[in-house]
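# Architecture at a glance
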Amino acid sequence: MPYRATMHSDTDSRTHGPAPGECVLLGDGEGTVVWSDPAVADVLGRKATAVSGRTVDALLGPAAPDPPPRGTTPITRTLAVPTDDGEVRDISVTVDAVEAPGAATVYRCRRTVDEQLDVYHVLSRVEDAVVAFDTEWRYTYVNETAERLLDRSSAELLGEVVWEQFPKTVGTDIEHEFRRALATQEPSTFENYSDSLDRWVEIRVFPSPTGASVYFRDISARKAREAQLQRERDLTEQLLRVSPMGIAVHTPDGRFVRVNERAEEIIGIDREELLDTVLDEPIWDARGPDGEPFPDEAFPLNVVLRTGEPTFGTEMSVRRRDGARFWISVGAAPVLNEAGDIEHVVVSFEEITERKQREADLQRERDLTEQLLRVSPMGIAVHTPDGRFVRVNQRAGEILGVEPSELVGEVLVEPEWESYGPDGEPFPDEAFPLNVVLRTGEPTFGTEMTIRRRDGTQIWLSVSAAPLLDADGDIERVVVGFEEITERKRYEQRLRKSERQFRAVFEGTLDALLLADDDGTYVDVNRAACDLYGLDEDELVGRNVAEFAPPDYDVAAAWDAFLETGTLQGEFPLVRPDGETRVTDFVATANVTPGLHLSALRDITERKADEVQLAAQRDELARLNDINALIRGVHRTVVGATDRETVERAVCEGLVASESYPVALTTRFTGEPTEVEHAAGLPDDALATLRAAGATRLETAIDRTATADTVTVLSEVRDDASHPALRDLAADRGVRTLAAIPIESDGVVYGVLTVGSTDADAFTGRERAVFAELGRLLGTAIESLQTKRLLYATGFLELELALSAEVEPVAALNDRVGGRWRLDGVVPVEAGRYLLYVDVGDAPLDELERAADGVTGLTGLRRVDTGDTPLFELRVDHDTPVSGLLDAGGRIRDGTIEHGDSRFVVDVTLDTDVRGYLDRLEQRGIEVELLAKREVERTAPAARAAGTTDTALTTRQRTVLEAAYLSGYFDWPRRRTTGEELADALDIATSTLHQHLRVASAKVFEQYFDGTEAGSV
């Protein structure tokens, strides 16, 4: 436990031995006690035997003063020192450094508590908390009340510095006042809320030269009462401030002592003027509800002073200083002193000018209601909840045929009136407006019924009723209003008949009928109109005619002209909400009834479309007739043509000769930029301009057509801002659409036919298909010319090629079996199907048949010889390198297949573009390597026929004849192939085979014999 004490200087404390009540301790230079006198037990409460050898700090505590330098003044300090049994004693310790053998320090210890015991005993009985401090603010005394208040024992506090025990007080008013009192030696009293104690305390500080005594008491309860009182005062103040009523406090003699802001506002006089003045009635010119001056004795202040009782709700009007008169409702109540006498009178008042005005207004309303009842064109009756008449106006009596005075007091009984509903059935009692209001509590309007008056006449009434509620919200009265509508009902009957007739016509017609108001807003439509506009009736009604017009249609001008002339007719492009435009034929009539205008519309969209389609079909038919005539001309040209240029020129010139196609040209695709072969309708300078402008949409379309083998169409080329040359050419020639058509045969594109049309919708549907067929016809013609040139040529380009492809049946079969094979001949059966005649060396048939299983594209295998030469017929149903060589314009003269690799020698005409030929092979997925190219002279097979240029054989006849020859059908004495086998290989009937053979043989014999000189055989 830490100990602290107050330090004092004492020059008279140095002695040679202990005085009575003292003990002496001797310490060495290290702070250890080496000797003590026997009085140590009385002074320190320690056994003498237990003292020597212990440290001074252990006996006296760490607050024990250190020895002063030898030869200086001794140091005295009061310490709180515990005894062996736990008692804490106040010991005055004087320390001095002396010259003594074996000792360096003398400690003289003296008890100080005895002389203060009586004082502390008294202080312990004081109800206030009492503590004492030395000059260094160490606790030297704490009574029991202080222990409870501080929640610390005296043992915990004695010797401790207050600021260390209660750090929250540092820097507060407590520390300031404590230090000021000790410094000035003047007592101090103050109140403070202690955060550390969480309470209010009153503190009194009494300083002395040796410290300070502090008395403090808990005043939290008193402070709470003071705060509560202050809150009540604040509440009262706020109530006075925010009260909607004026409040004034008077002395019994009438002087104002308190006036709130609202009172000032109502009275119109500044509060400072009113305070301490006497209420003087003449100033106010007060008058009662009757308008007479208000009696002095009836003033609420005087009533309270006279009776001692409060008074409420006294109404009067008073005049402000500005002359304005206003109404107030005044109340007053006494405030009594302790003796029960009236000390003050509180007068409250509120301005009720508006309320009084409302009361006056209500009276005027009542008067007005009375007048309305008298002059109303409607009958009005007021009933009690049990149905009795309590008020009936004059008009009600006239309508019902009864004097009003006869009805008052009577109960409304239905059978007397013989009421019927609009359906002619007796009117249900529960449906009477009076009963409906009584049942629902809600008003009801416009109930129509017939009644029979007492004179027997029957009339129609329109009846309404509404409840009048009392203060509790219950129905006190029911007001029933009714008017006679007999004439209106008769008119409605006539009108309904007319409307039924109109509606039958309106709804029954197939044309769309619409009624619009003066603004063009639809107010009624029939079913046909809903169908035409694509909207339900509730969606269409309320829309304006302008909402269905195209953006460029001046609806306002047309509508004004219509209203002015009274009629309008013509065609109207109606734009539906879904975006579809319907063409209508309309007739409109203004003011069919005043302010309503009828329009009749008939949908002619399909008719107009049919007309347009018919015109387009006529144009297309004309173009198709031109094309068909051209195709017939191409057929005639091809028959006599000997070169490609002749055929292409005939086609281009034939197209341009028609009115529909002012431009036509053919181009050859060589892998380089397109090369124009022939142009019709296109001058050289125009073509040069297009070519000089670089790549164009036209050239791109031609390249795409040649590559993708499909028709490419360019629309509205006259609007092509990206290529002015093409745009200007199209405008000059009247061209709107261009089409690039592939010139192809069996997948081989020989070039592109480009045609310009004057029609924006050209090259669609049948026209496109016909042009595609024209492209194929040109391709077939060019292929036929190339084949014919190969047949009759005496000079060739001989190409030696190495080929490979993803599907290559013969090479795949060779790779499985092995050996060196030789291709003896190829017979094209039809598109994509060929018969290949192959010398397979010594490969056995059974091994070939096993190896052929699963080879892609190989659909048949047959041995066609019986001798030493192993010749096989292979049927291929797939694009292969062999078909590619033939389709690209070559004739296979020889071929070898070894180790799965294929090499062929192919003859092409001398003018063949070899690079283009190879490119066409690569376009078909064939990898080709040119091993050698030689120009040779050789007699072609057809040239061997003496002096003829054409065998006149059809393609099918040539196929049958060549297959029969290569398969050994004509061998003798034993055929290697029968007619049935050959027909099966060609996939035709045996009879058809024999017919083709006979005709083909006859043509060959005829050619041979007709071309041979007489006697040369």
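Please read all numbers here as calculations on a predicted model, not as lab measurements.

Criteria and cut-off values
- Residues numbered from 1 in each chain as written.
- Predicted model: local features only at pLDDT ≥ 70, side-chain atom pairs only at ≥ 80, totals over all residues.
- Heavy atoms only, no water.
- Helix = DSSP H or I, 4+ residues; strand = E, 2+ residues; numbered from the N terminus.
- Buried < 20%, exposed > 50% of the residue type's maximum accessible area, 1.4 Å probe, protein only.
- Contact = heavy atoms within 4.5 Å.
- Areas by Shrake-Rupley, 256 points an atom, 1.4 Å probe, with all protein chains shown as cover.
- Patch = residues over 30% accessible without salt bridge, like charges linked within 9 Å, V, L, I, M, F, W, Y side chains within 5 Å.
- Salt bridge = Lys/Arg side-chain N within 4 Å of Asp/Glu carboxyl O.
- Pairing = 2+ DSSP bridges.
- Axes fitted to C-alpha atoms, helices over the stretch in contact; angles between N-to-C directions.
- Lys, Arg positive; Asp, Glu negative; His and termini not counted.
- Charge placed at Lys NZ, Arg CZ, Asp CG, Glu CD.
- Expected span 1.5 Å × (residues − 1).
- Arc of directions from axis to C-beta.
- Phe/Tyr/Trp six-rings, centres within 6.5 Å; stacked < 30°, edge-to-face > 60°.
- Lys NZ or Arg CZ within 6 Å of the ring centre and 35° of its normal.
- Core = buried A, V, L, I, M, F, W, Y, C linked by side-chain atoms within 4.5 Å.
- pLDDT = per-residue confidence, 0-100.

On to the overall build of the chain. What the chain contains, in helices and strands, is 32 helices and 39 strands. Buried residues in the chain amount to 42% of all 1017 residues. Sequence separation of at least 24 residues holds for 52% of the intrachain contacts in the chain that already meet a minimum separation of 6. For the chain, the accessible area works out to roughly 53,400 Å², and carbon and sulfur atoms hold 50% of it.

Together, Leu235, Leu239 and Val242 line one region of the surface with nonpolar side chains, adding up to about 310 Å² of accessible area. With respect to the element layout, leucine 239 can be found in helix H8 (residues 220–242).

Right, let's talk about the sheet that holds strand S15 (residues 325–336) for a bit. Pairing is antiparallel in the open sheet, where five strands are placed in the order S13-S12-S16-S15-S14. The open sheet is flanked by strand S13 (256–259) and strand S14 (311–319), the only strands paired with a single partner. Averaged over neighbouring strand pairs, the angle between their axes works out to 30° when direction is ignored. Taken together, the nine bridges between S15 and strand S16 (residues 342–351) define a ladder with antiparallel strand orientation.

Turning next to the sheet that holds strand S20 (residues 458–469). Here we have five strands laid out as an open sheet, ordered S18-S17-S21-S20-S19, and antiparallel in their pairing. Across the chains shown, the open sheet's two edge strands, defined by having one partner strand only, are strand S18 (389–392) and strand S19 (444–452). For this sheet, the mean inter-axis angle between neighbouring strands, taken without regard to orientation, is 30°. Sheet topology places strand S17 (residues 379–383) next to S18; three bridges connect them, and they run antiparallel. Looking at S18, one finds that alanine 381 is bridged to valine 392.

This next bit is on the pairing of S17. Extensive coverage of S17 is indicated by the burial of five of its five residues. Of the two faces of S17, the one lined by Gly379, Ala381 and His383 and the one lined by Ile380 and Val382 are each fully buried. Taken together, the five bridges between S17 and strand S21 (residues 475–484) define a ladder with antiparallel strand orientation. The partner of valine 382 across the bridge, within S21, is valine 479. Hairpin connection between S17 and S18: a loop of five residues separates the two successive antiparallel strands, and glycine 387 in this loop has a positive phi of roughly 95°.

Let's shift gears to a negative patch on the surface. Taken together, the side chains of Asp536, Glu537, Asp538 and Glu539 define an acidic patch exposed on the protein surface. When you line up the elements, glutamate 539 lands in helix H18 (residues 537–540). Owing to a relative accessible area of 39%, glutamate 539 belongs among the partly exposed residues under this scheme.

For helix H21 (residues 644–657), built from 14 residues, the straight-helix expectation of 20 Å at 1.5 Å per residue is met to within 8% by its first-to-last C-alpha distance of 20 Å. Along H21, the residues classified as buried are Arg644, Val647, Glu648, Val651, Cys652 and Leu655. Looking down the long axis of H21, one finds its buried residues gathered within 125° of arc, a one-sided arrangement.

The description of an aromatic ring pair rests on the distance of the ring centres and on the angle between the ring planes. Evaluated as defined, the whole model comprises 18 aromatic pairs. Centroid distance tryptophan 137 to phenylalanine 178: 5.7 Å. Interplanar angle 20°. Geometry classified as stacked. Within this pair, whereas tryptophan 137 is found in the loop between strand S7 (129–134) and strand S8 (139–142), its partner phenylalanine 178 is found in helix H7 (residues 173–184), the two being separated by 41 residues in sequence. Overall, tryptophan 137 belongs to the buried group, its relative accessible area being 5%. What makes phenylalanine 178 buried here is its relative accessible area of 6%. Between phenylalanine 206 and tyrosine 215, the aromatic rings sit 5.4 Å apart at their centres with planes inclined by 85°, giving edge-to-face as the arrangement. An aromatic cluster of at least three residues, connected via ring pairs, comprises Phe133, Trp137, Tyr139, Trp163 and Phe178. Over the aromatic face of tryptophan 200 sits the side chain of lysine 223, whose NZ or CZ is 4.3 Å from the ring centroid. The ring centre of tryptophan 460 lies 4.7 Å from the NZ or CZ of lysine 489, which sits over that ring.

As for its position among the elements, lysine 489 is in helix H16 (residues 486–508). Among all residues touching lysine 489, those that are not within four sequence positions of it are Glu448 and Trp460.

The biggest cluster of nonpolar side chains holds 38 residues, and the ones touching the most others in it are Leu801, Leu813, Trp821, Leu836, Leu885, Tyr917 and Leu921. Contacts of tryptophan 821, omitting those with residues within four sequence positions, involve Val810, Leu813, Asn814, Val838, Asp839, Val840, Leu848, Gly895, Thr896 and Ile897.

With that out of the way, let us pick up the confidence of the model for the chain. In the predicted model, the chain carries a mean pLDDT of 81, and 87% of its residues have values of at least 70. Here residues 943–951 scores under 50 on pLDDT; set against residues more than four positions off or in separate chains, the count is 15 contacts. The low-confidence segment residues 1012–1017 (pLDDT under 50) makes three contacts with residues lying over four places distant or belonging to another chain.

With the exception of glycine, most residues fall at negative phi, and the peptide bonds are largely trans. Even without being glycine, glutamine 185 reaches a positive phi, approximately 55°. Looking at where glutamine 185 falls in the secondary structure, it is placed in the loop between H7 and strand S9 (188–194). Even without glycine at this site, aspartate 276 takes up a positive phi of about 70°. Relative to the assigned elements, aspartate 276 resides in the loop between helix H10 (271–274) and helix H11 (300–307). Under the relative-accessibility criterion, aspartate 276 is labelled exposed at 53%.

On to the pattern of salt bridges. On inspection of all chains with the given rule, the structure shows 66 salt bridges. Notably, a salt bridge pairs aspartate 839 with arginine 822, separated by 3.8 Å at the nearest N-O pair. Of the two residues, aspartate 839 is situated in strand S34 (residues 833–839) and arginine 822 in strand S33 (residues 820–830); the sequence distance between them amounts to 17 residues. By relative accessible area, arginine 822 is classed as partly exposed at 37%. Ionic contacts of the salt-bridge type, sharing partners, join the residues Arg576, Asp578, Glu580, Arg582, Asp603 and Glu606 into one network.

Turning our attention to the environment of arginine 262. For arginine 262, the location among the structural elements is in helix H9 (residues 261–267). The exposure class assigned to arginine 262 is partly exposed, which follows from its relative accessible area of 24%. As a C-alpha pair, arginine 262 and glutamate 350 span 88 residues in sequence and 8.9 Å in three-dimensional space. In this structure, arginine 262 is in contact with Ser243, Pro244, Met245, Gly246 and Glu351, ignoring residues within four places of it in sequence.

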